[in-house]
Amino acid sequence: MIVYIDNHKFAYEMENLVRLFLPNEKICISTDSPGSMITSYIFTSMNINEQIGNAHIYVRVRTDDFDETSVKDIIIDVDDFEKKAERTMAICLYGLLCKLTGKTKPWGILTGVRPIKLFRRLSDEYGTLYAEDYFKKELLVSDEKVRLSSWTEKNEREILALSKPESVSIYISVPFCPSRCSYCSFISQTADRAKKLIEPYIDLLCKEIVMTAEIVRDKRLVPESIYIGGGTPTILSAEQLRQLIETVKNNFDMSVCREFTVEAGRPDTIDSEKLSVIYEGGVDRISINPQTLNDSVLEVIGRKHTAQQMYDAFKLARTAGFKNINTDLIAGLPTDTADSFSKTLDGILTLSPESITVHTLALKRSSRLNLEGHNVNTDNSRAAAKMISICMKKLPQAGYEPYYLYRQSKTEGSLENTGWAKKGFEGKYNVFVMDETHTVIGCGAGAVTKLKDPVGNSLTRIFNYKYPYEYISGFEEILKRKEKVRTYYDGLS
Ligand code: SF4
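What counts, and at which threshold
- Residues numbered from 1 in each chain as written.
- Predicted model: local features only at pLDDT ≥ 70, side-chain atom pairs only at ≥ 80, totals over all residues.
- Heavy atoms only, no water.
- Phe/Tyr/Trp six-rings, centres within 6.5 Å; stacked < 30°, edge-to-face > 60°.
- Helix = DSSP H or I, 4+ residues; strand = E, 2+ residues; numbered from the N terminus.
- Buried < 20%, exposed > 50% of the residue type's maximum accessible area, 1.4 Å probe, protein only.
- Lys NZ or Arg CZ within 6 Å of the ring centre and 35° of its normal.
- Axes fitted to C-alpha atoms, helices over the stretch in contact; angles between N-to-C directions.
- Parallel < 35°, antiparallel > 145°, perpendicular 65-115°, else oblique.
- Left-handed = near helix turned anticlockwise from the far one by under 90°.
- Contact = heavy atoms within 4.5 Å.
- Nonpolar A, V, L, I, M, F, W, Y, C, P; charged D, E, K, R; others polar.
- 1 Å grid on protein atoms, 1.4 Å probe; cavity = no way out; pocket = protein on both sides within 12 Å on 5 of 7 lines; lining within 4 Å.
- Points joined across faces, edges and corners; volume = space filled by probe spheres on them.
- Arc of directions from axis to C-beta.
- Core = buried A, V, L, I, M, F, W, Y, C linked by side-chain atoms within 4.5 Å.
- Pairing = 2+ DSSP bridges.
- Domains from an automatic or database assignment.
- Buried area = accessible area lost by both parts, 1.4 Å probe.
- Salt bridge = Lys/Arg side-chain N within 4 Å of Asp/Glu carboxyl O.
- Polar contact = N/O pair within 3.5 Å; in protein donor to acceptor, adjacent residues only side chain to side chain.

Q: Report on the packing of aromatic side chains, specifying residues and quantitative values.
A: Summed over all chains, the structure comprises 19 aromatic pairs. Aromatic pair Y279 and F322: ring centres 5.1 Å apart, planes at 80°, arrangement edge-to-face. In this pair, Y279 is assigned in helix α8 (residues 272–280) and F322 in the loop between α10 (307–320) and β12 (325–331), connecting sequence segments 43 residues apart. With a relative accessible area of 31%, Y279 lands in the partly exposed category. Between Y488 and Y489, the aromatic rings sit 5.3 Å apart at their centres with planes inclined by 85°, giving edge-to-face as the arrangement. According to the relative accessible area criterion, Y488 is buried, its value standing at 16%. Residue Y489 is classed as buried on the basis of its relative accessible area of 8%. Three or more aromatic residues link up through ring pairs in this structure, and these residues are Y4, Y41, F43 and Y58. Above the ring of F21, the side-chain terminus of K105 is found at 5.3 Å from the ring centroid. In this structure, R481 packs its charged tip against the face of Y465, placed 4.7 Å from the ring centre.

Laid out in structure tokens, this is it:
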């Protein structure tokens, strides 16, 4: 679909909106006019008339069997004219796309990944009722998602209050997995292929952690939360896990760290020896992620474990002493149904994890699913929407509340990812990262450091090399880049 942009700067927003409705189409942006031979396009324009003080917004959606326009005039003499004009054009386009596809979107014209951040900004400025009303009337967000946003924002707020100007969080990347999930677009490498790299990788990663901790100490920063993620960190041997966790423990001031998480992603990589290394190492939160408890779906998505292995792994983790366990699920997996998802959720609830994160399947470009031609489609989207509604009903009944939420592009049904937790067990790292509350220092391949100005809103990014082999061969450069963290904080003092 070609989207023509005439006389305005809202191309990015219009493209994102079109992508919500036509997720599988190639979208091209053009600043030309549609020639007479082009029969399928979207035309968006804004004409400002200074003399009468208004802007005329015009949107036309044309395909072989659809041709409608939507127009609106707005006055230009308002404080936030550009924003208002963009929103007005988005509303015009949204209405036409709803008609064209026969669908509405749960998040209305909101396309950003952090709706809760926007909700909070509105709430802080004008109050919660205003924020709810704005989401509903100005952004066309559904009642269910307005409720979810308001509830999530309230819970998030308590966690954000813990962050101080000197707070930082630490992310440590172990980008290896036992096999590749069909929906994965991450750089993670299967351990079989990367076996030789794991040992040298961990040695260097530990060096980077030591250097990071030195900077954190020197600059008097407070490591609020530390997260070892991946990939699947528990792919490491017990000895390698010990080396990694001891390095963290011996170099950061753990007495001030509020949360130390290890992602024990795949149930089939966990055993009691690894769990006790993790537990004895002071890790107070782990995440065991089955994604589904339906064995045939597990097979389809390329995870080489069964539902039973999840139950066993969870039991082992409790026996090892863990009192804060998260489980990740995905709504909208191929071949999964609302009924089977509901059974998965029931199964997870019998385990009573402290938190449950429910993602919606996102069809990323480099995932196997996408390459095999699996598309976002109406049936899957409808099933995913039902699954998310089941969560909205069952999780609060079981004592869970939403505490963080984000969106991704190309998700089934344009739905969201939500972290649910029992009171007091919210994953703080998740909230800090999603809100961009404070600096997050990344260590390891693929990790990104985001330096957050403690008084302003600016973010400075430092990228590590993406792949383990690059990380190993270019490690000197990694250390040089890490020095920029020190320089950044030197500049603030
Ligand atoms: S466990 Fe996560 S990182 Fe590893 S292959 Fe699956 S989706 Fe990718």
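Picking up where we left off.
Q: For the packing of α10 against helix α11 (residues 338–351), give the residues involved together with the corresponding values.
A: Between α10 and α11, the shortest axis-to-axis distance is 11 Å and the interhelical angle comes to 20°. On the basis of their axis angle, the class for α10 and α11 is roughly parallel. The handedness of the crossing between α10 and α11 is right-handed. Between α10 and α11, the residues in contact are M310, Y311, F314 and R318 and G347, I348, T350 and L351, respectively. Per-class residue counts for the contact of α10 with α11 are 5 nonpolar, 2 polar and 1 charged.

Q: Give me empty space enclosed by the protein: which residues, what numbers.
A: This model, assessed by the stated rule, comprises 2 cavities of 30 Å³ or more. In this structure, the largest cavity encloses a volume near 50 Å³. If you trace the largest cavity, you find it lined by L148, V358, I388, C391, M392, E416, T418 and W420. Contributing elements (two or more residues each) for the lining of the largest cavity: α13 (378–397) and β15 (416–421). Taken together, the residues that form the lining of the largest cavity break down as 6 nonpolar, 1 polar and 1 charged. A volume near 30 Å³ is recorded for the second largest cavity. Every residue along the wall of the second largest cavity is listed here: R114, I116, K117, E156, L405, M434 and D435. For the lining of the second largest cavity, the elements supplying multiple residues, two or more each, are α3 (115–126) and α14 (428–435). Here the residues of the lining of the second largest cavity are counted per class, giving 3 nonpolar, no polar and 4 charged.

Q: Got a sec to walk through the environment of K364? Specific residues and values, please.
A: Residue position: K364 is located in the loop between β13 (355–360) and α12 (368–371). For the pair formed by K364 and K484, sequence separation is 120 residues and the distance between their alpha carbons is 31 Å. In this view, K364 contacts S185, N370, Q408 and S409; residues no more than four positions away in its chain are not counted.

Q: Give a description of unusual backbone geometry that names residues and reports values.
A: The step from G230 to G231 runs through a cis peptide bond, and the omega angle for that step is 5°. Looking at where G231 falls in the secondary structure, it is placed in the loop between β9 (222–230) and α7 (238–251). Backbone geometry at T335 places phi at a positive 75°, although glycine is not the residue there. Among the secondary structure elements, T335 is positioned in the loop between β12 and α11. Positive phi is not limited to glycine here, since S352 has a value of about 50°. In this fold, S352 is placed in the loop between α11 and β13. Residue S352 is classed as partly exposed on the basis of its relative accessible area, which comes to 28%.

Q: Talk me through helix α4 (residues 128–138); I want residue IDs and the actual numbers.
A: Listed as buried for α4 are A131, Y134 and F135. Angular distribution of buried residues about the axis of α4 spans 95°; they occupy a single face of the element. Those residues of α4 that are exposed and aimed more than 90 degrees away from the buried face are L129 and K137. Two residues or fewer after α4 comes L140, characterised by a positive phi angle close to 60°.

Q: Please provide a residue-by-residue account of the nonpolar core, values included.
A: Ranked by internal contacts, the top residues of the largest apolar core, which has 122 residues, are L93, F135, I172, L205, L244, I286 and I288. The biggest single contributor to this core is helix α6 (residues 191–218), with 12 residues. When near neighbours in sequence (up to four residues on either side) are disregarded, L205 contacts I172, S173, L244, C443, G444 and Y471.

Q: Break down the pairing of strand β5 (residues 66–75) for me, with residues and values.
A: Two strands pair when backbone bridges link them, and strand β4 (residues 54–63) and β5 are joined in this way by 10 bridges, in the antiparallel orientation. The partner of V59 across the bridge, within β5, is S70. In this structure, the hairpin formed by β4 and β5 is closed by a connection of 2 residues.

Q: Let's hear about the domain arrangement of the protein chain: which residues, and what values?
A: We note that the domain assignment places domain 1 (1–104) and domain 2 (162–485) within the protein chain. Here the C-alpha centre of domain 2 lies 38 Å away from the C-alpha centre of domain 1. Taken together, the contacts link 4 residues of domain 1 with 6 residues of domain 2. When the area that domain 1 buries against domain 2 is broken down by residue, the three leading residues are L20, P23 and N24, summing to 77%. Put simply, domain 1 and domain 2 have 0 salt bridges between them. Summed over the shared surface of domain 1 and domain 2, the result is 0 residue pairs in polar contact (both at pLDDT 80 or more).

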